[in-house]
Amino acid sequence: MSSESAEKNIESVLKGSLVFSALGEDDLATVASFATGRTYEPGGTVFNEGDKARDILVLTEGRLAVQMALPTPSSQPGRRITVDIIGEKEVFGWSALVEPYVYTLTAVCLQKATVLAIDGDKLRALLQQKADIGYHVLKGLAKVVASRLQDTRQVLISERLLTAGKQESRVRSRASRA
Amino acid sequence: MRVVIATEPLEMQRFLADIVEEQPGAVVVGQAENAVRAVTAVDNLDPDVTIIDSNLPYSVGLDQVALSRASGLDVAQGISVRKPGARVVLLTNLDSKAILERTLNPHELAFFLHRDGDIIPFTLQDLGQRGIMHDTPVFASIGTRPRTLPMRTSAQRLKRIGGDAIFLGGLGIIGGLLLTITWLLTPVGVAVTAAGVVSVSFGLMTKLAGKVWPR
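The numbering scheme is per chain: residues are counted from 1 as the chain's sequence reads. Here the convention is simple: chains get letters from A, ligands get numbers from 1, in the order in which they are written. Under the rules for a predicted model, residues below a pLDDT of 70 receive no local features and side-chain atom pairs below 80 are neither given nor counted, while totals for whole chains, interfaces and linings still include all residues.

(A) Representation of the overall build of chain A. By definition, any uninterrupted DSSP run of H or I lasting at least four residues is a helix, any uninterrupted run of E lasting at least two residues is a strand, and each is numbered from the N terminus. Tallying secondary structure elements over chain A gives four helices and eight strands in all. Starting at the N terminus, the α and β elements of chain A follow one another as α-α-β-β-β-β-β-β-β-β-α-α. With 178 residues in all, chain A has 33% of them scored as buried. Here, residues touch in the contact sense if the C-beta positions derived from the backbone fall within 7 Å of one another. Taking as baseline every contact in chain A between residues at least 6 positions apart, the subset at least 24 positions apart corresponds to 75%. Counts of 20 or more other C-beta atoms within 10 Å of a residue's own C-beta define buried residues, counts of 12 or fewer define exposed ones, and intermediate counts define partly exposed ones; C-beta atoms are placed from the backbone.

(B) Representation of the environment of Tyr-135 of chain A in the model. Residues and elements named next belong to chain A. Along the polypeptide, Tyr-135 turns up in helix α4 (residues 131–177). Residue Tyr-135 is classed as exposed on the basis of its C-beta count, with 12 C-beta atoms lying within 10 Å. Residues Tyr-135 and Lys-8 lie 127 residues apart in sequence; the distance between their C-alpha atoms is 24 Å.

(C) Broad picture of unusual backbone geometry. Residue and element names in this part refer to chain A. The step from Glu-99 to Pro-100 runs through a cis peptide bond, and the omega angle for that step is 5 degrees. In this structure, Tyr-101 is a non-glycine residue whose phi angle is positive, near 60 degrees. As for its placement among the helices and strands, Tyr-101 is situated in the loop between β6 (91–92) and β7 (106–109). Taking the C-beta count within 10 Å as the criterion, Tyr-101 has 15 such neighbours and is therefore assigned partly exposed.

(D) Quick peek at the sheet that holds strand β5 (residues 79–86) of chain A. All names here are of chain A. With respect to topology, four strands assemble into an open sheet ordered β2-β7-β4-β5, the strand pairing being antiparallel. Of all the strands in the sheet, the pair left with one neighbour each is β2 (45–47) and β5. Averaged over all neighbouring strand pairs, the angle between strand axes comes to 35 degrees, with direction disregarded. Two strands are said to pair when DSSP picks up at least two bridges between them. Judged from the seven bridges that link them, strand β4 (residues 64–70) and β5 form a sheet pairing that is antiparallel. Lines fitted to C-alpha atoms define the axes here, with helix axes fitted over just the stretch in contact, and angles between the N-to-C directions of these axes take values from 0 to 180 degrees.

Given below as structure tokens:
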């Protein structure tokens, strides 16, 4: 594939994503020039919670899970819970655009995945220069963050129900022993 | 081999159980429809292999509460950490509606891994006998190819490319030899043609002379 058609391909992926869909052709081409493609195997980690957030990413192929680590006592093995499953053309790694530029979740590939990694520094500089596209991108980004918040809410409810269920069964077993 | 299956739709539990029990020596000892039951089943039954759908709900929900259905990976990772010897297969593409609409015949489906551009079929016996094939857990897809069709590996592809190259090369050699022989015999051909032309001309002239001078 020639570099021109590869760039057009990147632009079409960006156009299909929620965050960059409102951008015009010239701006899309500029953002596409900041992007590089990467491939990961199933089970591979795209980034870890706490890593410096250098890139904002768009999933072009595959599926991946974003997970958060639960604090556990040092004697017990660490536990992670999945907050959301990312599908094709979805944006993740939004921390690259928001201070303190540290990833808040871990991204693990469920299937073989290809992603577009957009350089966060360059994108932030572009958004500062051009306020109009900055508005559109941040509006899309706000939707991504809101969706992640909604998913986290569901996980929280699920975990609470789980904990309540465990406590209830413990109480019942104590009562039956007594 | 004792197997536990964890997926929410009941029909998918039955369907996966059919695929598993197609394999000699494999027995489904437990089935679970959510994360809590999957963990309990693995703790109580201590299976050799656990097959987990990546779209697994955390627990039994209330109708008015939307629960997360993304706990398959968490359960798989948790079992792998707590039971290092356990074999855990995470099904990453289990679209139950699509699979059930396509076929209900377990003969037509198989587990496979995508690795380096190759599709690698594997069975539960592979998982049990050869140990961890890729990672813990094993990330697997349910394939929709007939199991009897060979799936090509890199070596098989190279073999096929080699065979094609030999066949085309052979055709080239035969064609080249024919052209070379033709080229070598060109002077003889020209001489014979010239002799023929002279002979035909002589014959025509003789006939013409016979007509002009009949006596």
